[in-house]
Every structure is written in structure tokens, then in C-alpha cells.
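# Chain and residue survey
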Amino acid sequence: MPRFSIILPVRNGGEYVKECINSILTQSYQDFELIVLDNSSDDGTADWVLSIRDQRIRLYPSDMPLGIEQNWARALQVSKSEFMTLIGHDDLLLPDYLATMNNLISEYPDASLYQTQFSYIDRAGVKIRDAQFMHAKISGKEFLELFLARKIDLMGTGFMMRSSDYERIGGIPLYPNLLFADFELWIRLAGIQYLAVSGKNCFSFRLHQSTTSDSSDKKFLDAFEKFIFFLKKLQVEDRELHDVISRNGGDFLGYYLQGL
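Residues numbered from 1 in each chain as written. Predicted model: local features only at pLDDT ≥ 70, side-chain atom pairs only at ≥ 80, totals over all residues. Heavy atoms only, no water.

To continue, consider the packing of aromatic side chains. Enumeration over the complete set of coordinates arrives at 24 aromatic pairs. Ring plane angle 70 degrees and centroid distance 5.4 Å describe the contact between Phe-118 and Tyr-120, whose orientation is recorded as edge-to-face. Of the two residues, Phe-118 and Tyr-120, both sit in the buried class. Measuring from centroid to centroid gives 5.8 Å for Phe-147 and Phe-227, while their planes differ by 85 degrees, and the two rings are edge-to-face. In this pair, Phe-147 is assigned in helix H5 (residues 140–148) and Phe-227 in helix H8 (residues 218–237), connecting sequence segments 80 residues apart. (Phe/Tyr/Trp six-rings, centres within 6.5 Å; stacked < 30°, edge-to-face > 60°. Buried < 20%, exposed > 50% of the residue type's maximum accessible area, 1.4 Å probe, protein only. Helix = DSSP H or I, 4+ residues; strand = E, 2+ residues; numbered from the N terminus.)

On to the pattern of salt bridges. Tallied over the full model, the rule gives 16 salt bridges. With a closest N to O distance of 4.0 Å, Glu-69 and Lys-219 form a salt bridge. Linking Glu-69 in helix H3 (residues 68–73) with Lys-219 in helix H8, this pair joins segments that are 150 residues apart in sequence. A relative accessible area of 42% places Lys-219 in the partly exposed class. Linking Arg-129 and Asp-153 is a salt bridge whose minimum nitrogen-to-oxygen distance equals 3.6 Å. Here Arg-129, found in strand E7 (residues 127–130), pairs with Asp-153, found in the loop between H5 and strand E9 (160–162); they are 24 residues apart in sequence, far enough to count as distant. (Salt bridge = Lys/Arg side-chain N within 4 Å of Asp/Glu carboxyl O.)

Once that is clear, we can look at the packing of H8 against helix H9 (residues 239–259). The N-to-C vectors of H8 and H9 enclose an angle of 160 degrees; their axes lie 8 Å apart at closest approach. Judged by the angle between their axes, H8 and H9 are roughly antiparallel. The crossing of H8 and H9 is left-handed. Contacts between H8 and H9 involve Phe-220, Phe-224, Phe-227, Ile-228, Leu-231, Leu-234, Gln-235 and Glu-237 on the former and, on the latter, Arg-239, Leu-241, His-242, Ile-245, Ser-246, Phe-252, Leu-253, Tyr-256 and Leu-257. (Axes fitted to C-alpha atoms, helices over the stretch in contact; angles between N-to-C directions. Parallel < 35°, antiparallel > 145°, perpendicular 65-115°, else oblique. Left-handed = near helix turned anticlockwise from the far one by under 90°. Contact = heavy atoms within 4.5 Å.)

Among the nonpolar cores identified, the biggest contains 81 residues, and Tyr-114, Phe-143, Leu-144, Phe-147, Trp-186 and Phe-227 are the most heavily contacted of them. With nine residues, helix H7 (residues 178–192) is the single largest residue contributor to this core. Leu-144 has contacts with Ile-187, Leu-231, Leu-234, Leu-241, Val-244 and Ile-245, leaving out every residue within four places of it along the chain. (Core = buried A, V, L, I, M, F, W, Y, C linked by side-chain atoms within 4.5 Å.)

Turning our attention to helix H1 (residues 14–25). Two residues of an α-helix separated by three or four positions point the same way, owing to the 3.6 residues in each turn. Across its 12 residues, H1 extends 17 Å between first and last C-alpha, which sits within 8% of the 16 Å expected from 1.5 Å per residue. Residues of H1 that are buried include every one of Val-17, Cys-20, Ile-21, Ser-23, Ile-24 and Leu-25, and no others. For H1, the secondary structure elements touched by its buried residues are strand E1 (4–10), strand E2 (32–38), helix H2 (45–52), strand E3 (57–61) and strand E5 (92–93). (Expected span 1.5 Å × (residues − 1).)

Laid out in C-alpha cells, this is it:
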């Protein structure tokens, strides 16, 4: 079994998914497998993946078109290596991402979540800005506080975790909107032990117009409400987290409600 499983959910990835997969296959650390969860693509994505003929790639086509959240949730159903990461089909790994993660795991073997610094890019792949700097070791409590205070950038790509932890908490929760689903996932995983972060910049996250807080889509609103109930549950169950949420929850709500 390889050291790492890279899980790539995709539907009609076009040229973006080709760039993404090429960035994965050219990693300097090669002990990995690529699991592609194709969501009934009709643009030739699945055929292109099959044409690569690389034994490290496993393709799982869906039987019918799924919502993006449902397709990401399929990561729970496939066999995985000890460590796994999820990647958006339009994001890019820099060549030393896996090598950096391997070193980070050796340095912090008891962490429950791993990440590196990263940059935002636009549709054309041009750098927009670097993400906010993250310290090397962040407790679950600190992670939640940084998130609510918007002092950390959380995205669906780049986090590494143990597959056993991912399965134990039930995988990425099924939300009407992927944005808040991955927020909950990272908060829960960081809370098991802590987040370890490399100082190296190792991937690029592509920003689109939809990746914002100003969407008025009903699915976005429903997902936001579900996430608020998740925070309320944390507030009730854990005294320390109660205080963190009480101090920072108002600003968090205000930020999203202003956009809505």
C-alpha cells in the first residue's frame, strides 16, 4: 500500500483537471496513489484519465450524476492508504508537496491534521496572494479561534490526515454546500490532537467567483445554517470551546451575514 492517497473528486474538469493531475504525477515523492472520483463527466474527463495508463491511478465513476457534496462524500467509501488528502480538480500541488508532508509527519507524528502554507491563484493560474501565515503547531482550540476570527484561511485542498481519523468521524459531512462542510471537517480533525503546519508554500488554490461569502443561493444559506448549528453543538459540549465561540462568534456571523 502506498504511503499517501490523493483523492480527486471531479465533474467535467476540462483543462483544469489535466493541470491538476499533472501536478500530482510529477511529485518529487512518488509513494502515492491517485483516486479519481468522477461524477458522470460528459466532457471526456474520465476517458482522458484512463488514457494516462498510470498504475498509481484508480478511477471510480459514479453510476449517476451527483451533487458536488455527494461526490466528495464518496471518499469515505473507497479503500485508502494510511494518510489521505483531498484536492479540488482545479487546484495545483507544487512538486515538493508530498515530500514536505512526509517530513512534517515525521516531525509531528502525533498530530491529527497537517497543512502547508499556500497561495491563491485566479482562473488563469496567476497568483493573487499568499494565504495568511500559519504557525507550526496549532491546537484544536486555537484552530477554531483563528477560524472564527478569520485569521486563518481554510480551503478544501492541502490538508493531510489519517484515513482512520477521517473514517472515524464519518468523513466530510453532507452539507448542501461544500464550503461549510469542509470547515466542519477541518475543525473536527484538528480537535482530535492538533494541526501541524510546514513553513513551505506547497500548493495553489484556485479562486472563482463562486468561492466567496456573497452568494445568496439557497443552498449556501441552508449550509450556513447547518454550520451554525454545528458550532452551537460545540458550544454546549465543551466549556473551552464555548468561550472561544462566545468571544468570536458574533464577528464570524457578522462577516457572512453582511455578504448575505
